[in-house]
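Each chain is listed here by its residues.
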Amino acid sequence: MGIANKIKNSLIYIFGMIYNSRNSKCIFYHDIHSDSCFTNMSTSSDLFEKHISIIRKSGFEIVSEITKEKGQISISFDDGFKGFYENIEVINRLKIPITIFVVSSYLGEENFITKAQLKELHNNPLITIQSHTHTHPDLTLLSSEKLEEELRKSKQILDEICGVEINSICFPKGLFSKKVVEIATKIGYISQYSTLPGNYYNEVFPTVKRRSLVQFSSEKEFCSILKGGDHFLNYWYTKKHFSR
Ligand SMILES: [Zn+2]
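Here's what I pulled together on the structure shown here. (Residues numbered from 1 in each chain as written. Predicted model: local features only at pLDDT ≥ 70, side-chain atom pairs only at ≥ 80, totals over all residues. Heavy atoms only, no water.)

1. So, the packing of helix H2 (residues 45-57) against helix H8 (residues 219-226)
Convention followed: Angles run from 0 to 180 degrees between N-to-C directions of axes, and those axes are lines fitted to C-alpha atoms, restricted for helices to the stretch in contact. In this text, helices come from DSSP runs of H or I with a minimum length of four residues, and strands from runs of E with a minimum of two, each type numbered from the N-terminal end. Every angle not falling under 35 degrees, over 145, or within 65 to 115 is termed oblique; those three ranges are roughly parallel, roughly antiparallel and roughly perpendicular. Definitions for this section: a left-handed crossing has its near helix turned counterclockwise from the far helix by less than a right angle. A right-handed crossing has that turn clockwise. Should any heavy atoms of two residues lie within 4.5 Å, those residues are counted as being in contact. Following the grouping adopted for this structure description, the nonpolar residues are Ala, Val, Leu, Ile, Met, Phe, Trp, Tyr, Cys and Pro, the charged ones are Asp, Glu, Lys and Arg, and the polar ones are all others, Gly among them.
Where H2 meets H8, the closest approach of the two axes is 10 Å, and the angle between their N-to-C directions is 40°. Put simply, H2 runs oblique to H8. For the crossing formed where H2 meets H8, the hand is right-handed. Counting all contacts with H2, which are made through Lys-50, His-51, Ile-54 and Ile-55, the residues of H8 involved are Glu-219, Phe-222, Cys-223 and Leu-226. Of the residues belonging to the contact of H2 with H8, the class tally is 5 nonpolar, 1 polar and 2 charged.

Laid out in structure tokens, this is it:
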């Protein structure tokens, strides 16, 4: 681990102790693996199960949608990797509601779930499918027309496969701007998920929620993140991810 990461982890730990927050928040991952790994962003099923046990032991409830200011955690997975489908037994056994943000053009590509698997996941009462754009571009660099196309196409494809209306999106690489928010809202994405850490009810814009990436968090770091230890990173993440 590099020195910068060591300092970051120590600060997350210290701020976790200081805040010791019970506020509801969203956390996210990219994939789960037991044997085969489909992305270097994947979390081992062992670590994932440890995280779930920490959430429950800390007295948080895992919910599909946060409705209370305190005590709730929502979990999402980005991109639609295959490992999630292959390890669905873990999700079913632990009975955890999960949202998957799917990149619609990746469906059926190597390492990603197919349309049929997506449909199967959608039929699982624990799983909610939402959008992660059509081709995973940096949305802040697109013209208004291209941006609309990216967001509409993904919604249309997923609406059709799932037979329900898709109304949430998460931004590729967490990158967004005011224009992205305006167009996403116009198209019908009621909730938009960033990767800026923070409490659920401390929105960036009224439609834009915060999420913490926890895919490689050790047990100690994960405990601190649940208590809000990573919120101090918001300043840097905002600089990196949000353009006016
Ligand atoms: Zn992504």
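2. Regarding the environment of Asn-124
For Asn-124, the position within the fold is in the loop between helix H5 (115-122) and strand E7 (127-131). The spatial distance from the C-alpha of Asn-124 to the C-alpha of Asn-92 is 8.9 Å, given a sequence separation of 32 residues. When neighbours within four sequence positions are excluded, Asn-124 is seen to be in contact with Ile-88 and Asn-92.

3. Considering the side chain of Arg-211
Applicable threshold: For each residue, the accessible area found with a 1.4 Å probe, counting protein chains only, is set against the maximum for its type, and the residue is called buried under 20%, exposed over 50%, and partly exposed in between. Here a polar contact means two N or O atoms within 3.5 Å. Within protein one must be a hydrogen donor candidate and the other an acceptor candidate, and residues neighboring in sequence count only if both atoms are side-chain atoms.
Tracing the backbone shows Arg-211 in the loop between strand E11 (208-209) and strand E12 (212-213). When its relative accessible area of 1% is taken as the criterion, Arg-211 is described as buried. For Arg-211, the side chain forms a polar contact with the side chain of Ser-76, separated by 2.9 Å. Discounting chain neighbours no more than four positions away, the residues touching Arg-211 are Cys-26, Phe-28, Ser-76, Asp-78, Phe-101, Cys-170, Tyr-193, Ser-194, Thr-195, Leu-196 and Pro-197.

4. Let's talk about the pairing of E7
The condition that has to hold: Note on handedness: a crossover is taken as right-handed if, strands pointing away from the viewer, the path from the first strand over the helix to the second is clockwise.
Within E7, 4 of the 5 residues are buried, leaving the element largely enclosed by the surrounding structure. Of the crossover connections in this fold, the one passing from strand E6 (residues 98-102) over H5 to the parallel E7 is right-handed.

5. Regarding the layout of surface pockets
Filter applied, for reference: Buriedness of a pocket was judged along seven lines, with at least five required to meet protein on both sides within 12 Å; pockets are open sets of points on a 1 Å grid over the protein atoms alone, cavities are sets where a 1.4 Å probe fits but cannot get out, and lining residues have an atom within 4 Å of a point. Grid points are joined across faces, edges and corners, and a volume is the space filled by probe spheres set on the points.
Considering only enclosed or pocket space, the largest pocket measures out at about 430 Å³ in volume. Looking at the largest pocket, it is lined by 23 residues, and the ones nearest its centre are Lys-8, Asn-9, Ile-12, Ser-217 and Glu-221. Among the secondary structure elements, those contributing two or more residues to the lining of the largest pocket are helix H1 (3-19), E12 and H8. Of all the elements, H1 adds the most residues to the lining of the largest pocket, at 5 residues. Looking at the lining of the largest pocket, its residues break down into 10 nonpolar, 8 polar and 5 charged. Residue lining of the second largest pocket: 20 residues in total, with Ser-64, Glu-65, Gln-130, Ser-168 and Tyr-193 positioned closest to the centre. The set of elements that each furnish at least two residues to the lining of the second largest pocket consists of strand E5 (72-79), E6, E7 and strand E10 (191-193). Of the residues contributing to the lining of the second largest pocket, the split by class is 7 nonpolar, 9 polar and 4 charged.

6. Some words on the pairing of strand E1 (residues 25-29)
Along any regular strand, the residues point their side chains to alternate faces of the sheet. For clarity, the cut-off: Between any two strands, pairing holds if DSSP finds at least two bridges.
In terms of residue burial, E1 counts as a mostly covered element, since 5 of its 5 residues are buried. With burial as the criterion, each face of E1 is covered, one bearing Lys-25, Ile-27 and Tyr-29 and the other bearing Cys-26 and Phe-28. In terms of strand pairing, E1 meets E5 through 5 bridges, oriented parallel. Within E5, the residue paired with Tyr-29 across the bridge is Phe-77.

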